[in-house]
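# Survey of secondary and tertiary structure
Listed here are the chains, written in short residue letters.
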Amino acid sequence: MSESSAVQQSGPVARATGGVADGVPRSDDLFGQHRGPLVVDDDFRVLDDPVEQQTFTQVVDDGGQPLCESVLMVQGMYCAACADTVEDALSGRPGVVSAQVHAATRRLTVRWNPAETRVSDLAQAVGRTGYRLLPMQQALSVSQRLAETRKALWRLFVAGFCMMQVMMYAWPAYVTEPGEIPADIDQLLRWASWMLSLPVVLFASGPFFESAWRDLRQGRVGMDTPVSIGILVTFIVSSAATFDPTGPWGQDVWFDSLTMFVFFLLGGRYLELKARDRTAGALDALMNRLPEQCDRQRADGGFDAVSLKRLAVGDVVRVQSGQAFPGDGVVLSDGVTVDEALLTGESHPVTRARGEAVVAGSYNLAGAALVRLERLGRDTRFAQIVALMERASTDKPRLAKLADRIAGPFLVLVLLAAAFAAYYWWQIDPHRALAVAVAVLIVTCPCALSLATPAAMLSSAGALAGRGILVRRLQAFEALADIDTVVFDKTGTLTQDRVVLREVRVAPGWTVEAALQAAWPMSRASLHPVSRALAVAAQGQGAVAEPAGFDDVRDVPGGGLVLTGPEGAVWRLGSARHCGLDEAQLLADGLSVADTPCAYLSGPEGWVATFVMDEGVRADAAEAISALKAAGVRIRLLSGDRLAAAQRVARQLGIEDVVAEATPERKLAEVEALQRAGARLAMVGDGLNDGPVLARADVSIALGHGAPLTQAQSDFVVQSGRLTEVVQTVWLARRTLAIVRQNLWWAAGYNAVSVPLALVGWMPPWLAGLGMAASSLLVIGNAMRLARALPPLSHTPTR
């Protein structure tokens, strides 16, 4: 095998399994096990480049078999029928395990066996259907978007310019009586209109014909098929009337309607594309924020501009102001101000000093900064976030799948309705039969129906992602909107993930500050959560002056800490037994608190202080619980902690239903029992445990940026850990479903009104084109309302 062939047959996943020895596949042979003849078109060759594949392909384990999963953009897609065409082109091919295309985002997620096929083979298969597969970064690049926009604008300009001229030539026929225009002048106006309609049909209408031809070659009816038939029939009949004015079609000249509805359709499609960029584009912008290249420092201190794909761990890079960090690394400059909203949910800029860490995807906000890279590519947290968002953007919600299933048969009915209309009107008025049939073909395109659900859910996902809330499944919006119960885990969810000092009870003659100062030398020397809480409290009180003459601290396993002071005085910090105290007597004397974690401090004279600890309820927990109750949601607390500890938290937050001391099995049983009783519930946890419970709930939400994103079972990840954002996510889900219903009702109502109007001849073809474009724009525009910033909690409506 030649060196070039070896490169074409390798990939990023190829590094996963080691070499070929004794029949064991090597990493660089994982993609190269396909031994068929290597015939790769130059346009597709880049997809097999191992460096390029790192950006869109990862290894997945499917029952012990290493498979590859790639996420690519499909260029040339416009509707759900296009998505079906691409899926059919890949499904059933050797080596293809699954293929799913999301029509609204134009993303393909394909899982394939590298032993049987290559990405270039898949791209060629899709290419034969008339579409093109591109890596995400290339498809969403500025140059690519500008090229697509420029071509769309040229088509729109040609259609608009020719339409105006044709309308000018057609105007006399509308304002004069039959016979007032001399025959030679009338024929001249027809020829002028015909000449101006040619660019509209041959150039401006190109996307409709290409899409329809692709669908027909695959044996299916797409959304552009009725439109293309309407354009062709109108042009052919009008051309026949122009070439033979005395023939059977001599009076049927529709060049004005033809150019007008092509202009309206192109205008609507262009505006729809721009609106789609503002909905799904919000996700695209977040997922593609890494720069294409950055400045890497040379050994002599100079800098070279290199592609991100050529960076390696240990490189020192210079990140300019306004640029995203290309990888996780350590700051080498004096300091840097960064925006980490996507990664942590923290909306305010934070300052990182020399030696502190910065993360890939966060923005440098002030001045150039030097960073030594420690993690790149899929090893970064940003890559995990992108993987989640890509998975969400290719997910098809249930309502979207239903709309797509309806769209196919609906298009067949459209063609039958148009044929019936032409036949019916031919019996009544042959000259109107053509106009009615064309109007039916155009007005009934189900574009609005197919866009109704994905446009709204993608808009919401983009709005949440901008606040650091990640959506793993678009279908979860529908489930979250219908919940009537929220089940909270306690530790790390309603409470902080660390203990805090709640109260200090001291012996006579002692003050709280003095007790903390006495405990400070011991607490600062231990990493135990209670010791850390006491150290933080002492620092907050300013009680951190270390007494002179104290020896080193000793740690007594299972007991606490011991410190020997001047003249052999012994100080102890820990449990009552460790401090030589009678806990029952302390309780009886009111010097301790029952069923509450306490630490004791004793000195040479005995008991000095009792430190009453608490997990610390989150600052926004009470507000969030109150808002959920106001929204008609029942709240339950499900905890593995002691009953007294769980009830104490529940009392502070006004939660009445509490289940404590629950094992993971019992938690799962409780959730299943609630569901059998008819509850539609959401489970809120820290994302680090209780995987079965999170997976069993109707919808699950994980809190905290410490959760392992690639393993969490949750549908939503609230990276900031703020419970108020859980409430806002519920509110946005309800609003999203309301918008989806509005869109579906609009799409159904539009067709229910427009089709009869077209059938009875009250809707000319140009108005049908305008109505079709307006219906799609209305659906997209309605969905764009969801992209606005979430309201403050105090303004969040209950329903």
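On a predicted model such as this, the values are computed, not experimentally measured, just so you know. (Residues numbered from 1 in each chain as written. Predicted model: local features only at pLDDT ≥ 70, side-chain atom pairs only at ≥ 80, totals over all residues. Heavy atoms only, no water.)

Glancing now at the overall build of the protein chain. Along its length, the protein chain carries 27 helices and 27 strands. Of all 799 residues assigned to the protein chain, the portion counted as buried reaches 53%. Long-range pairs, those at least 24 residues apart, make up 68% of the contacts in the protein chain between residues at least 6 apart in sequence. (Helix = DSSP H or I, 4+ residues; strand = E, 2+ residues; numbered from the N terminus. Buried < 20%, exposed > 50% of the residue type's maximum accessible area, 1.4 Å probe, protein only. Contact = heavy atoms within 4.5 Å.)

Turning to the packing of aromatic side chains, a few remarks are in order. Summed over the entire model, instances satisfying the criterion amount to 11 aromatic pairs. Between W194 and F243 the ring centres are 5.5 Å apart and the planes differ by 85°, which places this aromatic pair in the edge-to-face class. With W194 in helix α8 (residues 183-204) and F243 in helix α10 (residues 224-243), this pair connects stretches of sequence that are 49 residues apart. With a relative accessible area of 16%, W194 lands in the buried category. When the ring centre of F203 is taken as origin, the NZ or CZ atom of R155, which lies over that ring, is 4.9 Å away. Its guanidinium or amino end placed over the ring of F303, R318 lies 4.0 Å from that ring's centre, counting from NZ or CZ. (Phe/Tyr/Trp six-rings, centres within 6.5 Å; stacked < 30°, edge-to-face > 60°. Lys NZ or Arg CZ within 6 Å of the ring centre and 35° of its normal.)

Quick look at α10 now. Across its 20 residues, α10 extends 28 Å between first and last C-alpha, which sits within 8% of the 28 Å expected from 1.5 Å per residue. Burial within α10 is extensive, with 14 of its 20 residues counted as buried. (Expected span 1.5 Å × (residues − 1).)

A separate point is the sheet that holds strand β13 (residues 363-364). If you trace the three strands from one edge of the open sheet to the other, you get β11-β10-β13, paired in antiparallel fashion. Every other strand in the sheet has two partners, leaving β11 (350-353) and β13 as the edge strands with one partner each. Across two bridges, the pairing between strand β10 (residues 335-339) and β13 is antiparallel. Residue pairing across strands places V338 opposite N364, the latter belonging to β13. (Pairing = 2+ DSSP bridges.)

It is worth spelling out a nonpolar patch on the surface at this point. A surface patch of nonpolar side chains, about 560 Å² in accessible area, is lined by W154, F157, F161, M164 and F203. With four residues, the single largest contributor to the nonpolar patch is helix α7 (residues 142-175). Mapped onto the fold, F157 is located in helix α7. (Patch = residues over 30% accessible without salt bridge, like charges linked within 9 Å, V, L, I, M, F, W, Y side chains within 5 Å. Areas by Shrake-Rupley, 256 points an atom, 1.4 Å probe, with all protein chains shown as cover. Salt bridge = Lys/Arg side-chain N within 4 Å of Asp/Glu carboxyl O.)

Taking 1.5 Å per residue, 12 residues should reach 16 Å; helix α9 (residues 206-217) reaches 16 Å between its end C-alpha atoms and fits that length. If you check which residues of α9 are buried, you get G206, P207, F208, S211, A212, R214 and D215. One or two steps after α9, the chain reaches G219, where phi turns positive at roughly 75°.

Attention shifts here to the pattern of salt bridges. Under the definition given, this model contains 17 salt bridges. R354 serves as the salt-bridge partner of D334, at 2.5 Å between the closest nitrogen and oxygen. You can see D334 sitting in the loop between β9 (328-331) and β10 and its partner R354 sitting in the loop between β11 and β12 (357-358), a full 20 residues away along the chain. The same class applies to D334 and to R354, which are both exposed. Note that R696 and E672 form a salt bridge whose closest N and O atoms lie 3.6 Å from each other. Pair noted here: R696 is in helix α25 (residues 691-696) and E672 is in helix α24 (residues 664-676), with a separation of 24 residues, a long-range link.

With that settled, consider the nonpolar core. If you look at the biggest cluster of nonpolar residues, it comprises 53 residues, and the most contacted ones within it are F477, L480, V486, F488, L494 and F716. The dominant element in this core, judged by the number of residues it contributes, is helix α26 (residues 723-759), at 10 residues. Excluding anything up to four places from it in sequence, L494 contacts F488, D489, V617, R618, A621, I625, L637, V649, L653, I655 and L723. Grouped together as the second largest cluster of nonpolar side chains are 39 residues, F255, A421, L434 and V436 included. (Core = buried A, V, L, I, M, F, W, Y, C linked by side-chain atoms within 4.5 Å.)

What follows concerns the packing of α8 against α10. A packed helix pair is summarised by two numbers, namely the angle formed by the two axes and the spacing between the axes. Orientation of α8 relative to α10, taken along the N-to-C sense of each, is 150°, at an axis distance of 10 Å. Viewed along their axes, α8 and α10 adopt a mutual orientation that is roughly antiparallel. Both α8 and α10 take part in a crossing whose hand is left-handed. Side by side, α8 and α10 meet where Q187, R190, W191, W194, S197, L198 and V201 of the first sit next to F235, S239, A241, T242 and F243 of the second. Residue composition of the contact of α8 with α10, grouped by class: seven nonpolar, four polar and one charged. (Axes fitted to C-alpha atoms, helices over the stretch in contact; angles between N-to-C directions. Parallel < 35°, antiparallel > 145°, perpendicular 65-115°, else oblique. Left-handed = near helix turned anticlockwise from the far one by under 90°. Nonpolar A, V, L, I, M, F, W, Y, C, P; charged D, E, K, R; others polar.)

It is worth spelling out the sheet that holds strand β20 (residues 570-574) at this point. If you trace the six strands from one edge of the open sheet to the other, you get β17-β22-β21-β20-β19-β18, paired in antiparallel fashion. Among the strands making up the open sheet, the edge pair consists of β17 (500-506) and β18 (553-556). Sheet twist, expressed as the average angle between the axes of neighbouring strands with direction ignored, equals 20°. For strand β21 (residues 598-603) and strand β22 (residues 606-614), the ladder comprises six bridges, and the chain directions are antiparallel. Along β22, the bridge assignment pairs G603 with G606.

Two elements in contact, α9 and α10, have axes separated by 8 Å at closest approach and are oriented at 120°. Looking at the two axes, α9 sits oblique to α10. Our pair here, α9 against α10, has a crossing hand that is left-handed. For the pair α9 and α10, contact is made by P207, F208, F209, S211, A212, D215 and L216 and by D224, T225, V227, S228, I231 and L232, respectively.

Here we take up the environment of V221. Structurally, the position occupied by V221 is in the loop between α9 and α10. With relative accessibility at 23%, the residue V221 sits in the partly exposed group. Distance in space between the C-alpha atoms of V221 and C82 is 9.9 Å, their sequence separation being 139 residues.

Turning to the environment of R107, a few remarks are in order. Among the structural elements, R107 can be located in strand β4 (residues 107-112). Here R107 falls in the buried class, since its relative accessible area comes to 0%.

The pLDDT averaged across the protein chain works out to 76; a share of 78% of its residues lies at or above 70. For the protein chain, helix α1 (residues 3-8) is the element with the lowest average pLDDT, namely 36, and strand β16 (residues 485-488) is the one with the highest, namely 92. Across residues 1-42, confidence stays below pLDDT 50; counting only partners more than four residues off in sequence or on other chains, it has 88 contacts. (pLDDT = per-residue confidence, 0-100.)

Attention now moves to the environment of E672. On the accessibility criterion, E672 (26% relative accessible area) is partly exposed. Along the primary structure E672 and A697 are separated by 25 residues, whereas in three dimensions their C-alpha atoms are 8.2 Å apart.

On to the side chain of D256, then. Tracing the sequence through the fold places D256 in helix α11 (residues 255-287). For the buried D256, which has no salt bridge, the nearest side chain bearing the opposite charge is R190, at an N-O separation of 10 Å. Once you skip the residues sitting within four places of it in the chain, D256 turns out to touch V166, M167, A170 and Y174. (Lys, Arg positive; Asp, Glu negative; His and termini not counted.)

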